[in-house]
Amino acid sequence: MREFNYTHHEDLTVLSARFDEFKYRKHSHEEYAIGVTLKGIQKYWLEGEMLYSKPGGIMLFSPEQLHDGCSGGETGLEYVMTYIPRKLFEKVSGKKDVMKFSAPIINDPKLAANIVNLTRSIESGKGDLLTSELIMGVIDRAANTEEERRTPRNYKAVHRAVEMIHDNFEAPLKLDEICKEVQMSKFHFIRQFKAVKGLSPYQFFLSCRTEQAKKLLDNGEELYSVMVNCGFYDLSHFNRQFKSVYGLTANAYAQLLNKSG
């Protein structure tokens, strides 16, 4: 059993997923990701902690939080997820900084129902009237206004490296150039990067390529053109990487977009 259905409405994306043995690789999203476990147990690693979301559990991910995911039970897993762009979240909330939540999983039946209703509404083509209510409900219920993010010693250097990777994701990763820019030895840089971001520079580089590929597919670009422009050397490699993050191959995702379009 394996099913991943992505539906888009303007800048909003919703996902309905069902699977048993599939496992996401570690990845992150630019958007806020807010989901509800419907059946089974969602097991995932988040910032050094293993978490378990049971039916009714609301999963909250801030932008760029690294995580993976798999079924934590024998009966498979079913859940929905809403991806809310930062700009939309900021517009509704009035908060300019990235919000960190008070807990990664919360239980709130009313809020969970709103998340599911929003997902079903967008899937049926009725729009996103619940979006503002959902965002405000999340803020009221789960915002951690007193949290202070500890800045790692080499955060600025890693941030600069991330900028360089984002600016050159279509070309091969040039680690020597990055290390020269941030004035670190290669091995020290790799250790610091992984300590800050939770994965190696190359894994992050692949994640950026994959995310950009999804954006281009969403914009209607042709599959093979996206593959080449994002630096993947063949379709099988592209499909494997895309599937490890989004649950289905790039080819299957492109076909899904063509059907919905």
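Thresholds applied
Residues numbered from 1 in each chain as written. Predicted model: local features only at pLDDT ≥ 70, side-chain atom pairs only at ≥ 80, totals over all residues. Heavy atoms only, no water. Helix = DSSP H or I, 4+ residues; strand = E, 2+ residues; numbered from the N terminus. Contact = heavy atoms within 4.5 Å. Expected span 1.5 Å × (residues − 1). Buried < 20%, exposed > 50% of the residue type's maximum accessible area, 1.4 Å probe, protein only. Core = buried A, V, L, I, M, F, W, Y, C linked by side-chain atoms within 4.5 Å. Salt bridge = Lys/Arg side-chain N within 4 Å of Asp/Glu carboxyl O. Phe/Tyr/Trp six-rings, centres within 6.5 Å; stacked < 30°, edge-to-face > 60°. Lys NZ or Arg CZ within 6 Å of the ring centre and 35° of its normal.

J.: Whenever I open this one, the side chain of threonine 210 confuses me. Can you help?
T.: Mapped onto the secondary structure, threonine 210 falls in helix H7 (residues 201-218). The contact partners of threonine 210, leaving out residues within four places of it in the chain, are Phe232, Gln241, Phe242, Val245 and Tyr246.

J.: I keep staring at helix H9 (residues 235-246) and nothing clicks. Help me out?
T.: Spacing of three or four residues puts side chains on the same side of an α-helix, whose turn is 3.6 residues. With 12 residues, H9 should cover 16 Å at 1.5 Å per step; its first-to-last C-alpha distance of 16 Å lies within 8% of that length. All of the buried residues along H9 are His237, Phe238, Asn239, Gln241, Phe242, Ser244, Val245 and Tyr246. Each element contacted by the buried residues of H9 is listed here: strand S1 (2-9), strand S3 (23-27), H7, helix H8 (223-229) and helix H10 (250-260). Just downstream of H9 lies glycine 247, where phi reads positive at about 90°.

J.: How should the nonpolar core be read in this particular structure?
T.: Nonpolar side chains tend toward joint burial in soluble globular proteins. By size, the foremost hydrophobic cluster in this structure holds 54 residues, and its most contacted members are Phe4, Leu15, Tyr79, Phe189, Leu217 and Phe238. In contact with leucine 15, not counting residues within four places along its chain, are Phe4, Asn5, Tyr6, Tyr24, Tyr79, Val80, Met81, Tyr83 and Thr119. Ile34, Val80, Leu118 and Val138 belong to the second-largest nonpolar core, a separate cluster that totals 24 residues.

J.: How do you make sense of the pattern of salt bridges when you look at a structure like this?
T.: When the charged atoms of two side chains with opposite charge come close together, those side chains can pair. The final tally for this structure, using the stated rule, is 10 salt bridges. One salt bridge connects glutamate 3 with arginine 18, and the closest N-O pair in it is separated by 2.9 Å. Note that glutamate 3 is positioned in strand S1 and arginine 18 in strand S2 (residues 12-19), a separation of 15 residues in sequence. As a salt-bridge pair, glutamate 47 and lysine 100 come within 3.1 Å of each other at their nearest N and O atoms. On the criterion of sequence distance, the pair formed by glutamate 47 in the loop between strand S5 (42-46) and strand S6 (49-53) and lysine 100 in the loop between helix H1 (86-93) and strand S10 (105-107) is long-range, its members being 53 residues apart.

J.: For this particular structure, what's the right way to read the packing of aromatic side chains?
T.: What characterises a pair of aromatic rings is the spacing of the ring centres plus the angle enclosed by the ring planes. Under the counting rule described, the total for this entry stands at 19 aromatic pairs. Measuring from ring centre to ring centre gives 3.8 Å for tyrosine 32 and phenylalanine 89, while their planes differ by 15°; the resulting arrangement is stacked. Taken together, the positions of tyrosine 32 in strand S4 (residues 32-39) and phenylalanine 89 in helix H1 put the pair 57 residues apart, joining distant regions of the chain. Across this residue pair, the class does not change: tyrosine 32 and phenylalanine 89 are buried. Between phenylalanine 232 and phenylalanine 238 the ring centres are 4.8 Å apart and the planes differ by 25°, which places this aromatic pair in the stacked class. Both residues of the pair, phenylalanine 232 and phenylalanine 238, count as buried. By the ring-pair criterion, three or more aromatic residues cluster together here, those being Tyr6, Phe232, Phe238, Phe242, Tyr246 and Tyr253. Of note, lysine 26 hangs over the ring of tryptophan 45, and the distance from its end group to the ring centre comes to 4.1 Å.

Taken by themselves, the reported measurements are silent on function.
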